[in-house]
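Spelled out from the first residue to the last, the chains are:
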Amino acid sequence: MTPEERLSQLGITLPEPPKAVAAYVPWIRTGNLVITSGQLPFRDGRIAYAGKLGVELTDDEGYQAARLCAVNAIAQLKAAAGELSRVRQILRLEGYVHSGPGYQNQPKVLNGASELFGDVFGERGRHTRSALGINEMPLNAAVQLSVWAELTE
Amino acid sequence: MTPEERLSQLGITLPEPPKAVAAYVPWIRTGNLVITSGQLPFRDGRIAYAGKLGVELTDDEGYQAARLCAVNAIAQLKAAAGELSRVRQILRLEGYVHSGPGYQNQPKVLNGASELFGDVFGERGRHTRSALGINEMPLNAAVQLSVWAELTE
Amino acid sequence: MTPEERLSQLGITLPEPPKAVAAYVPWIRTGNLVITSGQLPFRDGRIAYAGKLGVELTDDEGYQAARLCAVNAIAQLKAAAGELSRVRQILRLEGYVHSGPGYQNQPKVLNGASELFGDVFGERGRHTRSALGINEMPLNAAVQLSVWAELTE
């Protein structure tokens, strides 16, 4: 099964990859390496999950926010690679969780992204990860996620 | 026009690249990849923009701080590359904005860096970016910026 | 002297590399590049340094926490490389310090990691670095550290 078929089986339709609105690009390629800009939980042009974890949002909403960031990142990877089967390995997720005082479940939230990469890419979706809590986020988004991936030649 | 000529046209003189004061180096090269350490808004050996956005500093001061970080990063890239025309592509800006409660204009602030890279490097300056708000910063600096770039062979 | 011999001289026994507990891997290799997941100050399966710098923890405790993160990262690099003499260069430390209000000594804390890399790897341990203060951290850990390194062919 291709990653596109797995997405379809999961009921996920890739969006038009969110465009960066400022003086930068949504993804870049150097050699076989693709890097995305920080992805936010956009859906239909709006931030679907806004606020801080542990204040306005529950762990499960955070998980869904991270999953949505991952869907948007996969859309960027598809734009970069043409076909997702050309993704040889997801290398790294850099995950930032908008966190209220004392909130420590950043890893649980980011599993919403990590597990989707596993479901869609199988072994090729197993990545390294950093999980940080930050106090303020552009557009008040719940999560921001950057992805590094290796493409086949 | 070379990047050095564009800098000159913008009235920017590259400083002596700020030295890292601790047990690390200001830039490193591996293959064609150059990575800088986190750059702070140093000018003449002093932090020119200190404090939090949305508390002590305005959006425009933040923009100027990010631009100054970018000037310092370009000085590091020149030290690494010899001539800036050997920079094939700016790959990534990792931008951290020292943010007070509720501050969400990190992208606007970091455009101070992104737009300078565009002005100086043209298409080669178009990069991916992450934009995060953080609560505390070394030396109380307003912005910290790390840059990844690809050099020509 | 090999890095393993230097570790021994420093009285450091590498632990079993801490395993990632979620849907990701502790290190990954692409070409000659190795990237670790964010390392926490685990010792014997427990977080040895919990809390915020400037609130519950002193600068020296933060330094020890960063050093312990570095020990764990070196254990990951050894798992990736087989022998640490196959590490050609430590490229980058991304250091996040769990910081209370007004705390600005993130560089001093992260020297606990930077200096250990210098002691163990000599010139090959000289790296670039980012040093950020963040408000919340998984497991209330004092420090999180990701490491990028280049291996020999």
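Located above this text is the structure these notes cover.
Residues numbered from 1 in each chain as written. Chains lettered and ligands numbered in written order. Predicted model: local features only at pLDDT ≥ 70, side-chain atom pairs only at ≥ 80, totals over all residues. Heavy atoms only, no water.

Could you give an account of the overall build of chain A, naming the residues involved and the relevant values?
The helix and strand inventory of chain A stands at three helices and seven strands. Scanning chain A from its N terminus toward the C terminus, one meets helices and strands in the order α-β-β-β-β-α-β-α-β-β. The C-alpha extent of chain A, read off along each of the three principal axes, is 45 × 35 × 25 Å. Expressed as a percentage of its 153 residues, the buried residues of chain A come to 58%. A separation threshold of at least 6 residues defines the contact pool for chain A, and within that pool the share at least 24 residues apart is 82%. (Helix = DSSP H or I, 4+ residues; strand = E, 2+ residues; numbered from the N terminus. Buried < 20%, exposed > 50% of the residue type's maximum accessible area, 1.4 Å probe, protein only. Contact = heavy atoms within 4.5 Å.)

So, the relation of the copies chain A and chain B: which residues are in play, and what are the values?
Aligned on chain B, chain A shows an RMSD of 0.0 Å; the corresponding rotation is 120° and the shift along the axis is 0.0 Å. Within this description, the copies of the chain are treated as partners about a three-fold rotation axis. (Least-squares fit on C-alpha atoms with pLDDT ≥ 70 in both.)

Lay out helix H2 (residues 59-81) of chain B in plain terms, naming residues and giving numbers.
The end-to-end C-alpha distance of H2(B), which contains 23 residues, comes to 32 Å, matching closely the 33 Å that a straight helix rising 1.5 Å per residue would cover. Looking one or two residues beyond H2(B), the residue adopting positive phi is B:Gly82, at roughly 85°. (Expected span 1.5 Å × (residues − 1).)

How would you summarise the interface of chain A and chain C if you had to cite specific residues and measurements?
Listed per partner, the contact involves 29 residues of chain A and 24 residues of chain C. Interface area for chain A against chain C, summed over the two sides, is near 2,000 Å², with a carbon-plus-sulfur share of 57%. In this structure, A:Arg92 and C:Glu94 form a salt bridge, with 3.6 Å as the shortest nitrogen-oxygen distance. The interface formed by chain A and chain C contains 13 residue pairs in polar contact (both at pLDDT 80 or more). (Buried area = accessible area lost by both parts, 1.4 Å probe. Salt bridge = Lys/Arg side-chain N within 4 Å of Asp/Glu carboxyl O. Polar contact = N/O pair within 3.5 Å; in protein donor to acceptor, adjacent residues only side chain to side chain.)

Explain the pattern of salt bridges to me, using residue names and the numbers behind them.
All told, the structure shown has 24 salt bridges over all chains when counted by the stated rule. Connected via shared salt-bridge partners are A:Arg92, A:Glu94, B:Arg92, B:Glu94, C:Arg92 and C:Glu94.

Can you explain the pairing of strand S7 (residues 143-151) of chain B? Please cite residues and give values.
Residues and elements named next belong to chain B. Among the nine residues that make up S7, nine are buried, leaving the element largely enclosed by the rest of the structure. With burial as the criterion, each face of S7 is covered, one bearing Val143, Leu145, Val147, Ala149 and Leu151 and the other bearing Gln144, Ser146, Trp148 and Glu150. As defined by bridge partners, strand S2 (residues 33-36) adjoins S7 across three bridges and the pair is classed as antiparallel. Across the sheet, the residue bridging to Val34 is Ala149, located in S7. Inspection of the sheet shows strand S5 (residues 87-98) paired to S7 by nine bridges, in the antiparallel sense. The residue bridging Val87 from the neighbouring strand is Leu151, located in S7. (Pairing = 2+ DSSP bridges.)

Can you break down the interface of chain A and chain B residue by residue, with the values?
With 24 residues of chain A at the interface, the matching set in chain B holds 29 residues. Counting the surface lost from both chain A and chain B, the interface buries some 2,000 Å², and carbon and sulfur atoms represent 57% of this. Connecting chain A to chain B are one salt bridge. Taken together, the connections running from chain A to chain B amount to 13 residue pairs in polar contact (both at pLDDT 80 or more). Broken down by secondary-structure element, the contributors of at least two residues to the side of chain A that touches chain B are strand S1 (27-30), strand S2 (33-36), strand S5 (87-98) and strand S7 (143-151) of chain A. Of the residues contributing to the side of chain A that touches chain B, the split by class is 14 nonpolar, eight polar and two charged. (Nonpolar A, V, L, I, M, F, W, Y, C, P; charged D, E, K, R; others polar.)

Help me get a handle on the sheet that holds strand S5 (residues 87-98) of chain C, residues and values and all.
Residue and element names in this part refer to chain C. Taken in spatial order, the five strands of this open sheet run S1-S2-S7-S5-S6, and their pairing is mixed. Unpaired on one side and paired on the other, strand S1 (27-30) and strand S6 (128-134) mark the two borders of the sheet. Between one strand axis and the next, the sheet turns through 15° on average, direction left out of account. Against the sheet, helix H2 (residues 59-81) touches S1, strand S2 (33-36), S5 and strand S7 (143-151), its axis set at about 35° to S7. (Axes fitted to C-alpha atoms, helices over the stretch in contact; angles between N-to-C directions.)

Describe the sheet that holds S1(A), naming the residues involved and giving the relevant values.
All names here are of chain A. Taken in spatial order, the five strands make up an open sheet running S1-S2-S7-S5-S6, and their pairing is mixed. In this open sheet, the two edge strands, each paired with only one partner strand, are S1 and strand S6 (128-134). Put simply, the sheet's adjacent strands are angled 15° from each other on average, direction ignored. Contacts from helix H2 (residues 59-81) reach S1, S2, S5 and S7 within the one sheet, and its direction differs from that of S7 by about 35°.

Describe the side chain of C:Lys52, and please don't skip the residues or the numbers.
Residue and element names in this part refer to chain C. When you line up the elements, Lys52 lands in the loop between strand S4 (46-47) and H2. The exposure class of Lys52 is buried, given its relative accessible area of 19%. Once residues within four sequence positions are removed from consideration, Lys52 is found in contact with Leu57, His98, Ser99, Gly100, Asn135 and Glu136.

Lay out the relation of the copies chain A and chain C with the relevant residues and their values.
Overlay of chain A on chain C (RMSD 0.0 Å): rotation 120°, translation along the axis 0.0 Å. Take the interface residues of chain A: only 17% of them recur as interface residues in chain C, which is what a contact between different surfaces looks like.

Give a detailed account of the environment of B:Gln89, specifying residues and quantitative values.
Within the element layout of this structure, B:Gln89 appears in strand S5. Separated by 18 residues in the primary sequence, B:Gln89 and B:Pro107 place their C-alpha atoms 21 Å from one another. Residues contacting B:Gln89, with those up to four places away along its chain left out, are A:Ile28, B:Glu123, B:Arg124, B:Gly125, B:Arg126, B:Ala149 and B:Glu150. Reaching out from B:Gln89, the side chain makes a polar contact with the backbone oxygen of B:Arg126 at a distance of 2.9 Å.

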